[in-house]
Amino acid sequence: MPLDRNQLAKRAARELKDGFYVNLGIGIPTLVANYVPAGMTVWLQSENGLLGMGPFPTEDKVDPDLINAGKQTVTGVPGHSFFSSADSFGMIRGGHIDLAILGAMEVDEQGDLANWMIPGKLVKGMGGAMDLVAGVKRRIVVMEHCNKKGESKFIPRCTLPLTGKSCVDMLITDLAVFEKRGGCFMLTEVAPGHSVEDVLSKTTAKVDVAPKVATIDA
Amino acid sequence: MDKVFASPKAALEGVIRDGMTVAVGGFGLCGIPEQLILALRDSGATGLTAVSNNAGVDDWGLGLLLQTRQIRKMVSSYVGENAEFERQFMSGELELEFTPQGTLAERMRAGGAGIPAFFTKTGVGTVVAEGKPHMEFDGETYVMERSIKADVSLVKAWRADPSGNLVFRRTARNFNPMAATCGAVTIAEVEELVPLGSLDPDHIHTPGIFVQRIVVTTSEKRIEQRTVSKG
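In what follows, the accompanying structure is described. Since this is a predicted model, take the numbers as computed values, not measurements.

Now for the overall build of chain B. From N to C terminus, chain B includes 6 helices and 12 strands. In summary, chain B has a C-alpha radius of gyration of 18 Å against a globular reference of 17 Å for 231 residues, a match within 12%. With respect to the principal axes defined by its C-alpha atoms, chain B has extents near 50 × 50 × 40 Å. In chain B, once contacts between residues fewer than 6 apart in sequence are set aside, the share between residues at least 24 apart is 71%. Looking at chain B as shown, the accessible area adds up to about 9600 Å², and 50% of this sits on carbon and sulfur atoms. Averaging the positions of the 24 positive and the 28 negative side-chain charges in chain B gives two centres separated by 2 Å.

Bringing the packing of aromatic side chains into the picture now. Residues and elements named next belong to chain B. Taken as a whole and assessed by the stated rule, the structure comprises 6 aromatic pairs over all chains. The interplanar angle of 65° and the centroid separation of 5.2 Å between the aromatic rings of Phe119 and Phe137 together place this pair among those described as edge-to-face. A residue pair is termed long-range when its members are at least 10 positions apart, and Phe119 in strand E6 (residues 117-120) and Phe137 in strand E7 (residues 134-137) qualify at 18 residues. Under the relative-accessibility criterion, Phe119 is labelled partly exposed at 31%.

All names here are of chain A. Two strands pair when backbone bridges link them, and strand E1 (residues 21-24) and strand E2 (residues 43-46) are joined in this way by 3 bridges, in the parallel orientation. Its bridge partner being in E2, Tyr21 is matched across the sheet by Trp43. Of the pairings in the sheet, the one linking E2 to strand E3 (residues 50-54) comprises 2 bridges and is antiparallel in character. Pairing of Gln45 across the sheet is with Leu51, part of E3.

Attention now goes to the pattern of salt bridges. When charged atoms on two side chains of opposite charge get close, those side chains can pair. According to the stated counting rule, one finds 34 salt bridges over all chains in the structure shown. Taking the shortest distance from any N to any O, the salt bridge between Arg139 of chain A and Asp169 of chain A comes out at 3.2 Å. Highlighted residues: Arg139 of chain A in strand E10 (residues 138-143) and Asp169 of chain A in the loop between strand E11 (154-155) and strand E12 (170-173), separated in sequence by 30 residues. The closest approach of N and O atoms between Glu97 of chain B and Arg107 of chain B, which form a salt bridge, is 2.9 Å. Taken together, the residues Glu97 of chain B in strand E5 (residues 95-98) and Arg107 of chain B in helix H5 (residues 101-112) connect sequence positions 10 residues apart.

Here we take up the interface of chain A and chain B. Between chain A and chain B, the residue contacts involve 44 residues of the former and 52 residues of the latter. Regarding the contact of chain A and chain B, the summed buried area is about 4000 Å², with carbon and sulfur atoms giving 61% of it. Sorting the residues of chain A by area buried against chain B places Asp65, Lys71 and Val123 of chain A first, and these three jointly supply 20% of that buried surface. Taken together, chain A and chain B are joined by 27 residue pairs in polar contact (both at pLDDT 80 or more). Those elements giving two or more residues to the side of chain A that touches chain B turn out to be helix H3 (85-93), strand E9 (122-123) and helix H4 (129-135) of chain A. Counting residues per element, the side of chain A that touches chain B draws most heavily on H3 of chain A, at 4 residues.

Attention now moves to the sheet that holds E7 of chain B. Residues and elements named next belong to chain B. Reading across the sheet, the 3 strands line up as E6-E8-E7 and stay open at both edges, with antiparallel pairing between neighbours. The open sheet has two free edges, formed respectively by E6 and E7, since each of these has just one partner strand. Averaged over neighbouring strand pairs, the angle between their axes works out to 40° when direction is ignored. Inspection of the sheet shows E6 paired to strand E8 (residues 140-146) by 4 bridges, in the antiparallel sense. Following the sheet pairing, Ala117 is matched in E8 by Arg146. Running at roughly 150° to E6, H5 makes contact with E6 and E8 of the sheet.

For the rest of this paragraph, the subject is helix H2 (residues 34-43) of chain B. In terms of residue burial, H2 of chain B counts as a mostly covered element, since 7 of its 10 residues are buried. At the C-terminal side of H2 of chain B, Gly44 of chain B shows a positive phi close to 80°.

Reading the values: rules and limits
- Residues numbered from 1 in each chain as written.
- Chains lettered and ligands numbered in written order.
- Predicted model: local features only at pLDDT ≥ 70, side-chain atom pairs only at ≥ 80, totals over all residues.
- Heavy atoms only, no water.
- Helix = DSSP H or I, 4+ residues; strand = E, 2+ residues; numbered from the N terminus.
- Rg over C-alpha atoms; globule rule 2.2 N^0.38 Å.
- Contact = heavy atoms within 4.5 Å.
- Areas by Shrake-Rupley, 256 points an atom, 1.4 Å probe, with all protein chains shown as cover.
- Lys, Arg positive; Asp, Glu negative; His and termini not counted.
- Charge placed at Lys NZ, Arg CZ, Asp CG, Glu CD.
- Phe/Tyr/Trp six-rings, centres within 6.5 Å; stacked < 30°, edge-to-face > 60°.
- Buried < 20%, exposed > 50% of the residue type's maximum accessible area, 1.4 Å probe, protein only.
- Pairing = 2+ DSSP bridges.
- Salt bridge = Lys/Arg side-chain N within 4 Å of Asp/Glu carboxyl O.
- Buried area = accessible area lost by both parts, 1.4 Å probe.
- Polar contact = N/O pair within 3.5 Å; in protein donor to acceptor, adjacent residues only side chain to side chain.
- Axes fitted to C-alpha atoms, helices over the stretch in contact; angles between N-to-C directions.

Next comes the structure, spelled out in structure tokens:
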């Protein structure tokens, strides 16, 4: 079975380290916050101006002045701070954030990422995504392996307008995990019940296969 | 000189004209100068260039000025919450300059700090860098971005004193401090006006030199995504 949204988030959470400052994108990446291992301190940065983001508030604690980058009402954990957008993107562009986990429409074999626009169809904007992929130390993409038509989203060359060039360090899909090693992606893990051949048959990007491919602990 | 005005309408008087550039604080609907935006709509000014991270929603924030076709051009990073925006842009009625969020904040900050342009890695290799000068620094490629200066900036703060010192509240700060610095005239909509000398000077976010006009309003503070936990 392909991983579900929560299993994807759980796998991505294994990339967290104690003391990390992390920015989570909207959608599946947001769910990663639910799988921070017990005893580990991870500071979640929300690019609208909050470091130390906490869970959603209880009804009596809802504050319109306290939201995350997805415009959802949130809370702060003890030690959280507020700051301006310039300071926030100073953290991001200045290389102070350890890890960004983002969604994607397409990733290609060079590590190029497209996740902000479909010409003629969808005009939403890049928000902070271009800043994140240009400035954060490590960038992990979490996405479904194939689109609704069953076509690979991990492809030789992105067809959509790019968010960033050669910026994806790791790709976690509902079928497999790929790590960028020396300019090329390597298949390192497959979802339970899926073979390497099965994953490769659904991947149009050229990838290497690790000598030992593990099964994702879902 | 008294910086405090009696109403949003009065605070805009004499500084609004057709075709001007207006920088507006806020992220989503959080920390937007909502009553000043209503007054700007009622002023009837048209052909505006609005510099704002977002474009409001269809019936609130800058979305109101899109409905009335008062905005000619938007400079924004994300406009996904606004169907009318998308419609006007797709039909070519509205000009749009997409700017990455960090670049937008920095362009406003630089505009207010007398820096005409700066270099950033953000956007290199993408459409936002097309046609712009590039430069190598320490082996990496950067793109040059121009700063932004506005004719008028509209910001929202929590507290002000009569000298224009501002304190923002929680994540409602966002783009407001940068917007305040890049406006030739900056107008602040605030929830509370406190006596001169009562704000702790160590806790002032925007010093009064950046603020020319102040108006006290009651904010609706609409919420886009009301998410709660059961506790």
